[in-house]
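Chains, contacts and geometry: an overview
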Amino acid sequence: MPAPSSQPFCASSIIGTGSYMPEKVLTNDDLSKMVETSDEWITSRTGIKERRIAAADQATSDLAAEAARRAMADAGVSPEEIQLIIVATVTADMFFPSTACFVQKKIGASNAVCFDISAACSGFLYALQVARHFINTGNRTTALVIGAEKLSSLINWKDRNTCVLFGDGAGAVVIRRADESVEAPGRVLSTVMGTDGTLADVLKVPGGGSACPITPENVASYPNTIHMEGRETFKHAVTRMLEASQQALEIAGLSASDVSLVIPHQANARIIGAIAERLNLPLDRVFMNLDKYGNTSAATIPVALDEANKAGRLKKGDVVLLVAFGGGFTWASSVVRW
């Protein structure tokens, strides 16, 4: 691969976006035949109407690889130009190797260093900031940052409080070194991240790791599925997403009134509405697609960013606010000037 540059500091810009959603659609009416629920119950509480479910023979790396191919095509870069692949996911293909290694193989990015990040729904923004650090030190010039999930593999389909929320999908961006003195489009201006591990038990998958291996004795309690305290999650999500948004805007030297479009984590329409209200922004400046896809964890923001980009919602010079909250608890926000 090319020798790394020694440039001490540089900017980074998003130069391409891509996403992939599985073909199978699971509607609220479909779920009502599987568990005690209804379209009205789900829609009124979450805003979700349907979600996508990956095929049995599709792994997270398959979803991620297709999103990556589309992002590279949008950016006009070849697999050989990719020097870093970071996959944000909580549904890795296996414990190891990393899902990013499988993506590298599938897209032919032979010059890339590859690893995963686990920060739940905040994972994509965590990965974006890590990639920026690689670029800013001058060691890498072009990176793929991917959020991909097969959450259907972690769902207890008998638990109506969680099975209605989640879906599968993947989104990706290509980011590249930019001249600090030039106003390149897609410039990442700031990123804020936070964590509160004291609340780790509120949203988790308790089984399957070293702390709680799956055994014949505990398998009936579904330890390898999503467990969530909904009210606590909602409360902390609104507070932390608002704080992170305000901090990221302040670092970028901007205010909420400068924001052209907010792309929030797509978990719940009520959470998104509360964030918009507290930022004093109308809902027409907030991008939502959770009605079609539900919560796809680390994939929600890159998928929404790609859809907004392809739909012409992002114009040159627009200030885009990305913000997420997830298990850990983790939270993050980034400001991008498109």
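Please refer to the structure placed before this passage.
A brief structural summary. (Residues numbered from 1 in each chain as written. Predicted model: local features only at pLDDT ≥ 70, side-chain atom pairs only at ≥ 80, totals over all residues. Heavy atoms only, no water.)

1. Description of the packing of helix 3 (residues 60–75) against helix 4 (residues 99–107)
Relative to each other, helix 3 and helix 4 sit at 55 degrees, their axes nearing to 9 Å. Of the possible angle classes, the one that applies to helix 3 and helix 4 is oblique. Here helix 3 and helix 4 pass one another in a crossing that is right-handed. Between helix 3 and helix 4, the residues in contact are Thr60, Ser61, Asp62, Ala64, Ala65, Ala68, Arg69 and Met72 and Thr99, Phe102, Val103, Lys106 and Ile107, respectively. The class makeup of the residues in the contact of helix 3 with helix 4 is 7 nonpolar, 3 polar and 3 charged. (Axes fitted to C-alpha atoms, helices over the stretch in contact; angles between N-to-C directions. Helix = DSSP H or I, 4+ residues; strand = E, 2+ residues; numbered from the N terminus. Parallel < 35°, antiparallel > 145°, perpendicular 65-115°, else oblique. Left-handed = near helix turned anticlockwise from the far one by under 90°. Contact = heavy atoms within 4.5 Å. Nonpolar A, V, L, I, M, F, W, Y, C, P; charged D, E, K, R; others polar.)

2. Quick word on the pattern of salt bridges
This structure, assessed with the given rule, holds 10 salt bridges. Between Asp39 and Lys49 there is a salt bridge; the shortest N-O distance is 3.0 Å. Placement of the pair is Asp39 in helix 2 (residues 39–46) and Lys49 in the loop between helix 2 and strand 3 (50–53), with a sequence separation of 10 residues. Overall, the relative accessible area of 24% leaves Asp39 in the partly exposed class. Here Lys49 falls in the partly exposed class, since its relative accessible area comes to 36%. Each of Glu66, Arg69 and Arg70 takes part in salt bridges that share partners, so that together they form one network. (Salt bridge = Lys/Arg side-chain N within 4 Å of Asp/Glu carboxyl O. Buried < 20%, exposed > 50% of the residue type's maximum accessible area, 1.4 Å probe, protein only.)

3. With respect to the environment of Lys315
As for its position among the elements, Lys315 is in the loop between helix 10 (300–310) and strand 12 (319–326). Sequence spacing of Lys315 and Leu125 is 190 residues, and the spatial spacing of their C-alpha atoms is 21 Å. From its side chain, Lys315 meets the backbone oxygen of Gly312 in a polar contact 2.5 Å long. (Polar contact = N/O pair within 3.5 Å; in protein donor to acceptor, adjacent residues only side chain to side chain.)

4. Focus on the pairing of strand 11 (residues 261–264)
The alternating pattern of strand 11 places Leu261 and Ile263 on one face and Val262 and Pro264 on the opposite face, and all of these are buried. Note: strand 11 against strand 12, 4 bridges, orientation parallel. Counted as the bridge partner of Ile263 is Leu322 from strand 12. (Pairing = 2+ DSSP bridges.)

5. Some words on the pairing of strand 5 (residues 113–117)
For strand 4 (residues 84–88) and strand 5, the ladder comprises 5 bridges, and the chain directions are parallel. When the sheet's bridge partners are listed, Ile85 is paired in strand 5 with Cys114. Between the parallel pair strand 4 and strand 5, the chain is carried across by helix 4, and the sense of this crossover is right-handed. (Right-handed = clockwise from strand over helix to strand, strands pointing away.)

6. Some remarks on helix 10
Among the 11 residues of helix 10, 9 are classified as buried, and the element is accordingly described as predominantly covered. Where helix 10 is concerned, the buried positions are Thr300, Ile301, Pro302, Val303, Ala304, Leu305, Asp306, Glu307 and Ala308. One or two residues past the end of helix 10 sits Gly312, with phi positive at roughly 80 degrees.

7. A word on the packing of aromatic side chains
Here the distance between the centres and the angle between the planes together describe a pair of aromatic rings. Summed over the entire model, instances satisfying the criterion amount to 2 aromatic pairs. With 6.0 Å between their ring centres and 35 degrees between their planes, Phe115 and Phe134 make a pair best called tilted. Of this pair, Phe115 sits in strand 5 while Phe134 sits in helix 5 (residues 123–136), and the two are 19 residues apart along the sequence. Exposure remark for Phe115: the relative accessible area of 23% places this residue in the partly exposed category. Owing to a relative accessible area of 26%, Phe134 belongs among the partly exposed residues under this scheme. Between the aromatic rings of Phe325 and Phe329, the centroid separation amounts to 4.7 Å while the plane-to-plane angle is 50 degrees, which identifies the pairing as tilted. Phe325 gets classed as buried once you look at its relative accessible area, which sits at 4%. (Phe/Tyr/Trp six-rings, centres within 6.5 Å; stacked < 30°, edge-to-face > 60°.)

8. Observations concerning helix 8 (residues 269–278)
The set of residues buried in helix 8 consists of Ile271, Ile272, Ala274, Ile275 and Ala276. In this fold, the buried residues of helix 8 make contact with helix 7 (230–251) and strand 11. For helix 8, the N-terminal capping position is held by Asn268, with its side-chain oxygen 2.6 Å away from the main-chain nitrogen of Arg270. Note on helix 8: the residue one or two positions beyond its end, Asn280, has a positive phi of about 60 degrees.

9. Focus on the environment of Leu31
With respect to the helices and strands, the residue Leu31 is situated in helix 1 (residues 28–32). Given the relative accessible area of 0%, Leu31 is considered buried. A C-alpha to C-alpha distance of 26 Å links Leu31 and Gly208, two positions 177 residues apart in sequence. Setting aside residues no more than four positions away along its own chain, Leu31 makes contact with Leu26, Thr37, Ile42, Arg51, Trp157, Cys163 and Val164.

10. As for unusual backbone geometry
For the bond running from Phe96 to Pro97, omega is 5 degrees, close enough to zero to count as cis. Here Pro97 lies in the loop between strand 4 and helix 4. You will see that Asn280, though not glycine, has its phi angle at about 60 degrees, which is positive. When you line up the elements, Asn280 lands in the loop between helix 8 and helix 9 (290–293). Although it is not a glycine, Ser297 sits at a positive phi angle of roughly 55 degrees. Position of Ser297 relative to the elements: it lies in the loop between helix 9 and helix 10. Note on Ser297: relative accessible area 4%, which makes it buried.

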